Structures are given as C-alpha cells and as structure tokens.
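What follows is the residue order along each chain.
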Amino acid sequence: MVSNSTAVPMTQKAWMVMKQGKPREALEFKVDVPVPKPKEGEVLVKVHAAALNPVGWKVMGTLPNMLSRRPHPPEHDLAGVVVDANDTSFSNGDQVIGFIPVSVQFSSRQGALAQYITLPENHVTFKPANLKWEESAALPLAALTALQSLRLGGYDPARALDTPTQPPAAQESVFINGGSTAVGIYAIQLAKALSLRVTATASARNESFVRGVGADVFLDYTARPIAEQLVTNPPELRFGMVLDAAGSLDTGLYVNSGTYVKKGGVYVTTGPWPDRGGWLGLISRWTCPLLRPALLGGVSTPWKFVNVANRKEDMRMLCALIERGALRPYVDSTYEFGSALDAYDRILTGRATGKVVVKVE
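Residues numbered from 1 in each chain as written. Predicted model: local features only at pLDDT ≥ 70, side-chain atom pairs only at ≥ 80, totals over all residues. Heavy atoms only, no water.

1. Structural notes on the packing of helix H6 (residues 140-152) against helix H12 (residues 312-324)
The N-to-C vectors of H6 and H12 enclose an angle of 100°; their axes lie 10 Å apart at closest approach. Relative to H12, the element H6 lies roughly perpendicular. In contact with Pro 140, Ala 143, Leu 144, Leu 147, Gln 148 and Arg 151 of H6, H12 contributes Asp 314, Met 315, Met 317 and Leu 318. Split by residue class, the contact of H6 with H12 holds seven nonpolar, one polar and two charged. (Axes fitted to C-alpha atoms, helices over the stretch in contact; angles between N-to-C directions. Helix = DSSP H or I, 4+ residues; strand = E, 2+ residues; numbered from the N terminus. Parallel < 35°, antiparallel > 145°, perpendicular 65-115°, else oblique. Contact = heavy atoms within 4.5 Å. Nonpolar A, V, L, I, M, F, W, Y, C, P; charged D, E, K, R; others polar.)

2. Concerning unusual backbone geometry
Omega for the peptide link from Arg 70 to Pro 71 comes to 5°, which places this bond in the cis form. One non-glycine residue, Asn 86, lies in the positive phi region at around 55°. Here Asn 86 is to be found in the loop between strand E4 (77-84) and strand E5 (95-99). Residues other than glycine seldom take positive phi values, yet Arg 109 does so here, at roughly 60°. In this fold, Arg 109 is placed in the loop between helix H4 (102-108) and strand E6 (116-120).

3. Here's the deal with the pattern of salt bridges
All chains considered together, the criterion is met by 13 salt bridges. Between Arg 24 and Asp 342 there is a salt bridge, with the nearest N and O atoms lying 2.8 Å from each other. Pair noted here: Arg 24 is in helix H1 (residues 23-26) and Asp 342 is in helix H13 (residues 340-348), with a separation of 318 residues, a long-range link. Within this structure, Arg 151, Arg 311, Glu 313 and Asp 314 form a network of salt bridges that share partners. (Salt bridge = Lys/Arg side-chain N within 4 Å of Asp/Glu carboxyl O.)

4. What about the environment of Trp 286?
On the secondary structure map, Trp 286 appears in helix H11 (residues 278-291). The class for Trp 286 is buried, based on a relative accessible area of 5%. Linking Trp 286 and Thr 251, residues 35 residues apart in sequence, is a C-alpha distance of 6.8 Å. Once residues lying within four places of it in the same chain are set aside, the contact partners of Trp 286 are Ser 248, Leu 249, Asp 250, Thr 251, Tyr 254, Tyr 267, Pro 272 and Trp 303. (Buried < 20%, exposed > 50% of the residue type's maximum accessible area, 1.4 Å probe, protein only.)

5. Some points on the packing of aromatic side chains
Enumeration over the complete set of coordinates arrives at seven aromatic pairs. Residues Phe 239 and Tyr 260 carry aromatic rings whose centres are separated by 6.4 Å and whose planes lie at 65° to one another, so their mutual orientation is edge-to-face. Note that Phe 239 is positioned in strand E11 (residues 239-244) and Tyr 260 in the loop between helix H10 (252-255) and strand E12 (261-269), a separation of 21 residues in sequence. Taken together, the aromatic side chains of Trp 15, Phe 29 and Phe 337 make up a single cluster linked through ring pairs. Above the ring of Trp 133, the side-chain terminus of Lys 127 is found at 5.2 Å from the ring centroid. It is Arg 328 that lies over the ring of Tyr 330; its NZ or CZ is 3.9 Å from the centre. (Phe/Tyr/Trp six-rings, centres within 6.5 Å; stacked < 30°, edge-to-face > 60°. Lys NZ or Arg CZ within 6 Å of the ring centre and 35° of its normal.)

Okay, here's the thing in structure tokens:
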C-alpha cells in the first residue's frame, strides 16, 4: 500500500454541467474547479481519456437540477494514472480504468470530463497493457452492459475464459439489435467468445463493419422494420435471447418475439428513451405489451431491463478477454479536451460506430 501522493494542483480544468439541456446548452468549460481530495477507500486519478455515453447526454437533457445535483462534470468512463493511492491496494503511478455509475456521480458531484477525479477503490481496475488510453476509456460502461445483458439472457460470460475441450453439442443463437452501437459491438464479440451464432442489425452502410466484428447474419433495419423481417423469414435456429442494444422505442421487436425466440428465451433491453412524446408517451406505448398476460394475448417472452452494475470481477473478466485477444474496444473518433462539444455533436448524430472519446491529458 502506498499513501504518498504526487504533486497535485489545487485547481483543474473541467467541463461542467451547469443546467438541464443539450450539451451545447448545458456545458461550460471551467479552469478553476477545485481538485477533489480522496476519502477513505478512494483513490485520486489523473484522467488521460474519457469516453462519452448516451446516458451522459440523456441525463443532461432530461433531469432537472434538483435531481442531478449540478454543477458537476459529465460522463462515466475514464482511463488515467493514480496520483494519490491513499492507503488502498493501488500505488501511485498505476495505470487504471475507472467507472462512475450515475448514482456515484450524483453523490460525489464528479465525472470523467475533468483532469482529476476521486473514485472508490472498487470502481477502479488496472488498465490492460495492450490498450491505448483512448481504447481503455472506451471499455467500462458499454462492455459491462453487454456482459451483464448476456448474463441476464442466461449465458455465463465466464465460459469465454474457459479453454474448450470439444465443440458445443448444439449451437445456440442470439439476436442483437443495434450491432454498430458501443454495447452491440461488445455484445457481438462476447457472444462469439461463447460460441454463439449471432444475428445483428445496423444500417446497410455498416454491414461490413458489423460482420467484421463477428456477426454471422446481418439485417438492415432501414430496409423494413426488423420485426417484420424476422416474422416473414424466421430463423431456422430460434434465438435464445434478443438483446435490444439500441434501446428501441418500437414495441414490435418484443411483441412479435414469440415468432423467433425459443421457449425459455428472453428479451433484454438497455432501455428505451422517450422521444418527443415524452415519458408519458413512452409509458403508454409499452404498458400494454408488458402488462397484458400471455393467456389474454400478451407476450410470453420475459422482458428484462439491464441496469448495469459496478462489478470489479466483471471488469477483470473483460480485461482478461482483451489481453487474450478475444475482445477489443472500437473507437469511432477522438477529440481534444477543449473540443468536447464537437465530440457530443458526433455522438448525437447516432452514426458513431464504437465509442467517441475525449483526450483529457
């Protein structure tokens, strides 16, 4: 254990969420934000890179100030160097990955788009040696979501670390909606590491990319509604799981799942987000499909929402798969710290293939 801290300034540069709104309305760049001091069980990390996530701009745009404890820096994924180990199991100079759940962000009023951040020790993991800073920052939230989604679907991600002694007796199949999203990209790779057959969706322009990540079958969601394609041409091997990594508002993929999901299979979603209809529109759209009993014409496929949790053993599993070459982060684009608003413009297009990353160093 090391408690001696390296030289740390009193203030730092940081992007701060000042109010509710879109990133260009809500964010301000500050140069005199106090550097936080670690409490017992926490470490102070100098941030080298931070990744943007949909939850960042969604929370920024929907939650009022009283619920989000603004101002605070946004974002949840980072990679950096420990500069105050603070009598934890880490040492100064350790290169690490950090994950800041929304609940921790609100309680600590910290985020990844800052030069320094304090984190609980169990929210920090050693950075894989074979990854760059930008790639490392692209890992935590999206990869944890994909891994925990597969677990919700009944697949044990730990099997990906096993050395197979023989091929599986019967191949299983999964469906991933949003194969070019950050979560979808990790989910495809993890599913292939589990020897699953993967069908994935994206727009036609991303077909070669999604197939290159590992998808066996590709569907273009711009051609026809995905549910319509699957009902018209059901897969020979029914899916054991549908993962809606795109968080679709459309209920069709779930309502029609009995046609292409096998008995005992599940529907897992990262969660739809309201459009112009707001939360009331979202609730009214999904209430009937989720609450109507199967005996009364409802959907028999279980619907599950993945609420990603910080689990250090899961992060270690992901890092082990990366070091083995079974998993890799995909970075769509990288921006300088002062150009974070441009980075948000990119993620808001909905066309990023992989993570959008900001260099903080």
